[in-house]
Amino acid sequence: MASSFYRLARRSLPSTAAAAATVTAAVALTLPEGYERRECHDDSPRARGSLAAIGPGAGRSVLPSPLSILSPRWNASAALCEAPPPRPSDISPAYKPSDPAEPVADQPPAEITGSDGKTVRLKEGIAFGAPHLTPLDPQYHGLFPRRQLWRPRLEYPLWDSDWDDRRPPPIPKTDEGEGVDASTQMTEAQRERRIRKEGVTRHIILIRHGQYDETHKEDSKRLLTPLGRRQAELTGKRLGKLIRGVGREFGPCRVKVVRVSDLARAKETADIIYDNMDLDDFSGEIVDRAEPDPLLNEGRPCHHIPGGKARSSVVERTDEHHPRIEQAFRKYFFRAQPPLLSSDEDGESIISSSTPTEEAGQQQLKPDPQHEFEVIVCHANVIRYFFCRALQLPPEAWLRLCTFNCSMTYFTIRPTGTVSCRMLGDIGHLPYDLCTFSMHPGFNW
């Protein structure tokens, strides 16, 4: 209705003064009950001075300013106005402790041991399903139980710098200002810079298994198709080049271990990848093969949005699978142990153990000791959930992502705890005739 009025006004109004009067009158007459007129405070030239029709919910419409209504370049959808504070009746009920009668999902353990053997105690407020609600508001927008909604420790989009519970403890401040650690004679800022410079960056490469036969229900029979085996072979060759390096500008990468879930398709993929790395004559560090880990098995990590109302069976499956997959994330995603720091006589902090350097004229390429890689062969849902959790994005967005068979998703975790994704579902090593998402070949699906 508003757009029709604009077209009419643009043809018929004789002056900007008349336009101003007509627009003001139109807004006053046509706003539905419960709406109010507000000025738009957007700084964009087209939005400045506009009138916003703000409703009791999220809906709103933006009307152009009287001075811009005659301009043919006006685009009403380009101006955005800040909504007013919600009325008391619009605010959702506050979160309260759970009712004893409410079913509660199993939680990840209070303590968890990482793949490096270190055990950390998890902080409160990060577990799936906590805090809970009373039955007064048990559903999240009518989609699934609100107790199954992921609740971050910090509100989005703030970054939780202690997401893995491994950040060094803070150095207390003094009345004079920044505190100084007695053992290293460093302030917290100095320690952070030293860790960033001297610490180890962890590189995690997640690989989805190759295409497999989905016609069987028994896991032992869900083996790779011939196409899936070829996908795994090419993936192994790509990783072999990464391990050996291709020159001084792209030197060798120190891959320490290949991990895998406990499902047949992933184990078969990992075996083929390892055999095709061509490491028989490799003189560098041995790449270990870890025992299969059931924590990495496929499952439903959490609910997904968009999505319809979850059936009771889906709710039960989410309760069953989420704690396991979350435990797998916390087991394998964490920053490296900070370097051991000491202080010399001048108060300048130094690294306690020296790092090897390449001798002049030495021909053999050596990996950078400050970078460690590990490969994890697992499953699409797990990888997509890890992606959201690692980047501290809402995990309920996991189904918006797509990872093809034998694709590579690659993260770096800096010694200070910052996380970056360098690749998501990368299939650059596969020709087009080997690109599949499960049983879907190519991209036209």
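Residues numbered from 1 in each chain as written. Predicted model: local features only at pLDDT ≥ 70, side-chain atom pairs only at ≥ 80, totals over all residues. Heavy atoms only, no water.

Asker: For the overall build of the protein chain, give the residues involved together with the corresponding values.
Answerer: Assigned secondary structure in the protein chain consists of seven helices and 17 strands. Evaluated residue by residue, the protein chain yields a buried proportion of 43% over its 445 residues. In the protein chain, of all internal contacts separated by at least 6 residues, the share reaching a separation of at least 24 is 68%. Roughly 24200 Å² of accessible area belongs to the protein chain as shown, and the carbon and sulfur atoms make up 53% of that amount. (Helix = DSSP H or I, 4+ residues; strand = E, 2+ residues; numbered from the N terminus. Buried < 20%, exposed > 50% of the residue type's maximum accessible area, 1.4 Å probe, protein only. Contact = heavy atoms within 4.5 Å. Areas by Shrake-Rupley, 256 points an atom, 1.4 Å probe, with all protein chains shown as cover.)

Asker: Could you give me a rundown of the environment of leucine 143, with the residues and numbers involved?
Answerer: Considering the arrangement of structural elements, one finds leucine 143 in the loop between strand S6 (139–140) and strand S7 (144–145). Exposure remark for leucine 143: the relative accessible area of 19% places this residue in the buried category. Through-space distance from the C-alpha of leucine 143 to that of glycine 307 is 7.6 Å; in sequence the pair is 164 residues apart. With residues near it in sequence (within four places) discarded, leucine 143 still touches Ile305, Gly307, Gly308, Lys309 and Ala310.

Asker: Provide a residue-level description of the layout of surface pockets, including the pertinent values.
Answerer: Its boundaries defined by the atoms lining it, the second largest pocket holds a volume of some 400 Å³. Taken together, 22 residues line the second largest pocket, and the ones lying closest to its centre are Phe250, Gly251, Pro252, Cys253 and Phe373. Ranked by the residues each element gives to the lining of the second largest pocket, the list is headed by helix H4 (residues 226–244), at three residues. Among the residues forming the lining of the second largest pocket, the class breakdown is ten nonpolar, three polar and nine charged. (1 Å grid on protein atoms, 1.4 Å probe; cavity = no way out; pocket = protein on both sides within 12 Å on 5 of 7 lines; lining within 4 Å. Points joined across faces, edges and corners; volume = space filled by probe spheres on them. Nonpolar A, V, L, I, M, F, W, Y, C, P; charged D, E, K, R; others polar.)

Asker: So what's going on with the environment of tryptophan 159? Which residues, and what values?
Answerer: If you trace the backbone, tryptophan 159 turns up in the loop between S7 and helix H3 (188–198). Tryptophan 159 sits in the partly exposed class, given a relative accessible area of 33%. Distance from tryptophan 159 to leucine 391, taken between C-alpha atoms, is 8.9 Å for residues 232 residues apart in sequence. The contact partners of tryptophan 159, leaving out residues within four places of it in the chain, are Leu154, Ala390, Leu391, Gln392, Gly417, Thr418 and Val419.

Asker: Please set out the packing of aromatic side chains residue by residue, giving values where relevant.
Answerer: Using the criterion set out here, one finds 13 aromatic pairs in the structure. A centroid spacing of 6.3 Å and a plane angle of 40° characterise the contact between phenylalanine 373 and tyrosine 410, whose relative ring orientation is tilted. Here the residue phenylalanine 373 occupies a position in strand S13 (residues 371–378), and tyrosine 410 occupies one in strand S14 (residues 408–413), the gap between them amounting to 37 residues. The same class applies to phenylalanine 373 as to tyrosine 410, namely buried. An angle of 50° between the planes, with centres 6.2 Å apart, marks the rings of phenylalanine 387 and phenylalanine 411 as tilted. You can see phenylalanine 387 sitting in helix H7 (residues 380–390) and its partner phenylalanine 411 sitting in strand S14, a full 24 residues away along the chain. Taken together, Trp163, Phe329, Phe333, Phe386, Phe387 and Phe411 form an aromatic cluster joined through their ring pairs. Geometry around phenylalanine 437 places arginine 208 over its ring, the cationic atom sitting 4.8 Å from the centre. (Phe/Tyr/Trp six-rings, centres within 6.5 Å; stacked < 30°, edge-to-face > 60°. Lys NZ or Arg CZ within 6 Å of the ring centre and 35° of its normal.)

Asker: Go over empty space enclosed by the protein with me, naming the residues and quoting the values.
Answerer: All told, the structure shown has three cavities of 30 Å³ or more when counted by the stated rule. In this structure, the largest cavity occupies an estimated 200 Å³ of space. The element contributing the most residues to the lining of the largest cavity is H7, with three residues. Class assignment for the residues of the lining of the largest cavity results in eleven nonpolar, one polar and four charged.

Asker: Account for the packing of helix H6 (residues 312–332) against H7, with residues named and values stated.
Answerer: Taken N-terminus to C-terminus, the directions of H6 and H7 make an angle of 60°; their axes are 10 Å apart at the nearest point. Our classification of the angle between H6 and H7 gives oblique. The interaxial crossing formed by H6 with H7 has right-handed handedness. Together, His322, Ile325, Glu326, Ala328, Phe329 and Arg330 of H6 and Val382, Tyr385, Phe386, Arg389 and Ala390 of H7 make up the contact between the two elements. Among the residues forming the contact of H6 with H7, the class breakdown is seven nonpolar, one polar and three charged. (Axes fitted to C-alpha atoms, helices over the stretch in contact; angles between N-to-C directions. Parallel < 35°, antiparallel > 145°, perpendicular 65-115°, else oblique. Left-handed = near helix turned anticlockwise from the far one by under 90°.)

Asker: Could you give me a rundown of the packing of H4 against helix H5 (residues 264–275), with the residues and numbers involved?
Answerer: Relative orientation of the contacting elements H4 and H5 amounts to 45°, with a least axis distance of 7 Å. In this view, H4 runs oblique relative to H5, as classed from their interaxial angle. At the point where H4 passes H5, the crossing takes the right-handed sense. On H5, the residues touching Arg229, Ala232, Glu233, Thr235, Gly236 and Leu239 of H4 are Glu268, Thr269, Ile272 and Ile273.

Asker: Outline the nonpolar core, listing residues and values.
Answerer: Counting residues in each nonpolar core, the largest one holds 32 residues, and the members touching the most others are Ile205, Ile207, Leu239, Val375 and Val377. For this core, the secondary structure elements donating two or more residues are strand S8 (201–208), H4, strand S9 (255–260), H5, S13 and S14. Of the residues forming this core, the biggest block, five residues, is contributed by H4. Apart from the residues lying within four places of it in its own chain, the contact partners of leucine 239 are Ile205, Ile207, Ile273, Met277, Val375 and Met408. Of all hydrophobic cores here, the second largest spans 28 residues; its members include Trp150, Leu295, Ile376 and Ile383. (Core = buried A, V, L, I, M, F, W, Y, C linked by side-chain atoms within 4.5 Å.)

The analysis is restricted to geometry; functional conclusions fall outside its scope.
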